[in-house]
Structure formats: C-alpha cells, structure tokens
Amino acid sequence: MGNRKCKERSEISDEAVLSHEERHCLQRMFKSLCHDHSACSKEDLRYVKDIISSYIIILTVMDHIMLKSWMTLGTEISDSKLVLMAQSLCQNLEKEENVEEGIARWFGLCSQFQKLQTSFLYHLYHIPQEGMTHGDESAEYCLFPLCKGVPPQHKLVFPSVLKVPDVLFVNTLLPSAMQHQWRFCFSTGIHGESFAKMLGLIVDKGPTVIIIKDKNGNVFGGFASENWTVGPNFQGDEKSFLFSLYPEMRVFESTGYNSHYQYLSVQQQTLPNGLGMGGQFEYFGIWLDAEFGKGHCSETCTTYRNYKMLSATKHFEVDHVEVWGVGPEFEKKDTEGERPSIRERDLEAKAMLQLAGKTLHSEGMDDNADEA
C-alpha cells in the first residue's frame, strides 16, 4: 500500500495534486483574474516563481550532480529569468467563473509546471521513486540535464548566454528521452564565427538544441529533433519546436501544417545556403546564413503554432551561437566492414571546400563495391 502511494505521488499525471497552501495560492491568482481581464500581476505570479526558485535552491543545497554540472561552469541563477519563466508557465491562465475548474484546467494544460511540482515535492520530501530507466541513480528524477563535453580549459570561464532558468525551461520542453544530458557541440565564444566549423561539429550528432543571441540582445533558438545532415531538402519531425528566452520566454510547437523543421545546405546554386528551422525558403522561422554573422527571423511561420518573430529585427546580426547535443550519444549507422573516407571523417574540411566553391570529385565514389 505504501509503495503504491509513493508511486502515485512520484508519477506525473494530468490530475493536479495540490496541497491546501498551493490551492489557496492558485485560487488567489484566479480571483485576481476574475476581477481583472489583464494578465497576472507579479504578486499573482509569486507562487509559481517561488516553486521554481525553491526547487533550484533545494538542488543547490543537495549539491546535486546535474545542477552542479552547470553551476561549475559559472551558469548564473538570474532572478529576472525566474520571473520570465513564471510568466511563461502562467500564460494560459484565463478568466474562469468557477475558480476550481480554472485551476484544474490550467494545471492539466501546463505539463511543465506538473513536472516541476512533482520533482519539487520529490526532492523536498525525499519520496522514493520506482522504475528509473536512464540508469543513473544520482539523477533521481532531476529536471536539469547533465552537462557534458565542455573542454576542460573552458570550464572556469565558459562563454554561454544560458542562465540556470533557461536550461530548466528548455529541458522540460524536450521529449523525456532527451532530458537527461546535454553534450556541448559548438560555441562562437570557443570555436569562432565559422559556419564550416559549426557544420562540422553538429552534423551526425543527433538531436540538438541551438541557442542564438542577436546584436540587440534577443535570445532564442530551436530544438532539432533529428540528426543534421547536409542536403537541399527539409528534415525533422513534429517533435521540433522553436523558443524564445529573452525578452520573454515562450515556446512555439509544431502546427503540423508542413514538415519544414530542419534545413542545412551549402554550395547550392538556386537554393539558400545556411541553416534554417521552420517556414520556407527566404522566410524561415530561424535562419543562419552560410556567410556566418547574419541571419533572419520571419514575421510569420506556419510551421510553428502562435509563432512571433524571435529576433529584435527581421534581419539580424549574430552576437553568439551555441549548439548542444541532447539525449543519448548518437551512433551513426555505418555499413559493417567499411572504412569511412577522409572526406566523410572530416566534415569541417568538406564544408570549407563546399563553401569555397570547390567541386568534390570524390562525391558518390564511396558506394560499396557490390553496388559498383
């Protein structure tokens, strides 16, 4: 009986499990909405913000390995970002005549807050959890991923635009299998402003999270749910999404209207060369040009629901880019017994040749002898 109760409390479901105090706080938020058609005030958002900050404090005091892996890089806990995250979680709060129904509806829709509260209660009351699948007991149902792959010489001063609430916000949006670790792939602060270098470090790395900061200070990005490969066609699936981290936190999920989720191409004569997510040619939700340093965000994007322009201006200058591989290590399926050519092993060199307009005469010569 006791084990069943623990399991019920540790699982995330669409049914809200609220204490008397939590329910009272949320009721106060909804009562405010019933008297005012405007968005929640900061006071109304205090409960949600306090849950987020308390959760981070608990993990910090525990010296939790997942959060510690980010804190040791100098990743900051920004109070302003805590406010932005709370505002994002509460954006679906609506005026309801029946306060109780409003609470249940909001809690049922906001899966991020469900996960956050469940993990908060678990760490606060040390509720044992059953059925862990990712093989690391130290994780103990933590919503922060383990940060991996940062070069040792950069760990003390790591150039990143991410704050602790940013990592928490994006990670809770990822598919569950992708939430346990982030592997560092690329940063302009470490590798320089090179599209060829970025391409060489993100191709064949599996699903990735891309973070961009423009010269006006807007921070935004996207989750690419499939492996990046170079070619003239769109890739990816409906698990992909775009997001904003500053000046507001928002997520834009797939509409299913089209499948224009990922695009990566170089040396095309009639098609754009660069990296794009969502939208269509010349009107991408996010676009990084192969001539590194410039990009654009379209004013509209039918690929993602409720999309709004992410950059401060339609055409922007890049201030910073970083890319993280997420989820289990990606294993490229090589044909058994074959040795990859030097061209295939050095993707950066291949990209540089393509960007320079050099013809790859060996392209297509790696086919199996049987096929020949």
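Figured I'd write up the structure that's included with this text. (Residues numbered from 1 in each chain as written. Predicted model: local features only at pLDDT ≥ 70, side-chain atom pairs only at ≥ 80, totals over all residues. Heavy atoms only, no water.)

Details of the overall build of the protein chain
Point 1. Along the backbone of the protein chain there are twelve helices and twelve strands.
Point 2. Counting the 372 residues in the protein chain, one finds 48% classified as buried.
Point 3. In the protein chain, once contacts between residues fewer than 6 apart in sequence are set aside, the share between residues at least 24 apart is 67%.
Point 4. Accessible surface computed for the protein chain: about 18,900 Å², of which carbon and sulfur atoms make up 49%. (Helix = DSSP H or I, 4+ residues; strand = E, 2+ residues; numbered from the N terminus. Buried < 20%, exposed > 50% of the residue type's maximum accessible area, 1.4 Å probe, protein only. Contact = heavy atoms within 4.5 Å. Areas by Shrake-Rupley, 256 points an atom, 1.4 Å probe, with all protein chains shown as cover.)

So, the pattern of salt bridges
Point 1. If you walk through the whole model with that rule in mind, you get ten salt bridges.
Point 2. A salt bridge links Lys-163 to Glu-76; its shortest N-O distance comes to 3.2 Å. Of this pair, Lys-163 sits in the loop between strand S1 (146–148) and helix H8 (164–171) while Glu-76 sits in the loop between helix H4 (65–71) and helix H5 (79–89), and the two are 87 residues apart along the sequence.
Point 3. On the basis of relative accessible area, Lys-163 is assigned to the partly exposed category, the value being 23%.
Point 4. Given the relative accessible area of 46%, Glu-76 is considered partly exposed.
Point 5. Within the structure, one salt-bridge network assembled from shared partners comprises Glu-248, Arg-250 and Lys-308. (Salt bridge = Lys/Arg side-chain N within 4 Å of Asp/Glu carboxyl O.)

As for the packing of H5 against H8
Point 1. Across the interface, H5 lies against H8 with an axial gap of 8 Å and an inter-helix angle of 25°. By the angle between their directions, the pair H5 and H8 is classed as roughly parallel. When you trace H5 past H8, the crossing you get is left-handed. When H5 is examined against H8, the residues Lys-81, Leu-82, Met-85 and Ser-88 are found in contact with a partner set consisting of Pro-165, Asp-166, Leu-168 and Phe-169.
Point 2. In the contact of H5 with H8, the residues fall into five nonpolar, one polar and two charged. (Axes fitted to C-alpha atoms, helices over the stretch in contact; angles between N-to-C directions. Parallel < 35°, antiparallel > 145°, perpendicular 65-115°, else oblique. Left-handed = near helix turned anticlockwise from the far one by under 90°. Nonpolar A, V, L, I, M, F, W, Y, C, P; charged D, E, K, R; others polar.)

Description of unusual backbone geometry
Point 1. Cis geometry marks the peptide bond from Tyr-246 to Pro-247; its omega dihedral reads 15°.
Point 2. As for its position among the elements, Pro-247 is in the loop between strand S6 (241–246) and strand S7 (250–253).
Point 3. Phi at Asp-63 is positive, roughly 55°, even though this residue is not glycine.
Point 4. Looking at the element boundaries, Asp-63 is found in the loop between helix H3 (46–61) and H4.
Point 5. A relative accessible area of 45% means that Asp-63 is categorised as partly exposed.
Point 6. In this structure, Asp-204 is a non-glycine residue whose phi angle is positive, near 60°.
Point 7. The residue Asp-204 is located in the loop between helix H10 (195–202) and strand S3 (208–214) in this model.

Regarding the packing of H3 against H5
Point 1. It is at 8 Å that the axes of H3 and H5 come closest, and there the two elements cross at 125°. In terms of orientation, H3 and H5 fall into the oblique class. Every pair of crossing elements has a handedness; the one defined by H3 and H5 is right-handed. Of the residues in H5, those touching H3 at Val-48, Lys-49, Ile-52, Ser-53 and Ile-56 are Asp-79, Leu-82, Val-83, Met-85, Ala-86 and Leu-89.
Point 2. Partitioning the contact of H3 with H5 into residue classes produces eight nonpolar, one polar and two charged.

Things to note about the environment of Gly-192
Point 1. Locating Gly-192 in the fold gives a position in the loop between helix H9 (188–191) and H10.
Point 2. Taking the C-alpha atoms as reference, Gly-192 lies 9.5 Å from His-320; in sequence the two are 128 residues apart.
Point 3. The residues contacting Gly-192, other than those within four sequence positions of it, are Phe-186 and Ser-187.

Thoughts on H3
Point 1. In this model, H3 (16 residues) spans 22 Å end to end at C-alpha, consistent with the 22 Å of a helix rising 1.5 Å per residue.
Point 2. What H3 keeps buried is the set Tyr-47, Val-48, Lys-49, Ile-51, Ile-52, Ser-53, Tyr-55, Ile-56, Ile-58 and Leu-59.
Point 3. Of the residues one or two after H3, Asp-63 is the one with positive phi, at around 55°. (Expected span 1.5 Å × (residues − 1).)

A word on the nonpolar core
Point 1. Core analysis: the biggest nonpolar cluster contains 57 residues, and Ile-52, Phe-113 and Phe-144 have the highest contact counts within it.
Point 2. By residue number, the principal contributor to this core is H3, which donates eight residues.
Point 3. Mapped onto the domain boundaries, this core takes at least three residues apiece from domain 1 (18–130 + 138–150) and domain 2 (174–359).
Point 4. Apart from residues no more than four positions distant in its own chain, Ile-52 is found in contact with Leu-82, Met-85, Ala-86, Leu-89, Leu-116 and Leu-168.
Point 5. Among the nonpolar cores identified, the runner-up in size contains 32 residues, and Cys-185, Phe-195, Leu-264 and Val-318 belong to it. (Core = buried A, V, L, I, M, F, W, Y, C linked by side-chain atoms within 4.5 Å. Domains from an automatic or database assignment.)

Some remarks on the pairing of S7
Point 1. Alignment of S6 against S7, held across four bridges, turns out to be antiparallel. The residue bridging Phe-243 from the neighbouring strand is Val-251, located in S7. (Pairing = 2+ DSSP bridges.)

What to know about the pairing of strand S2 (residues 181–187)
Point 1. The buried count for S2 comes to seven of seven residues, which makes it a mostly enclosed element.
Point 2. Of the strand pairs in this sheet, S1 and S2 are connected by three bridges, and their pairing is parallel. Residue Lys-148 lies in a different strand from S2, and its bridge partner there is Arg-183.
Point 3. Bridge count for S2 against strand S12 (residues 315–326) is five bridges, and the pairing is antiparallel. Along S12, the bridge assignment pairs Ser-187 with Glu-322.

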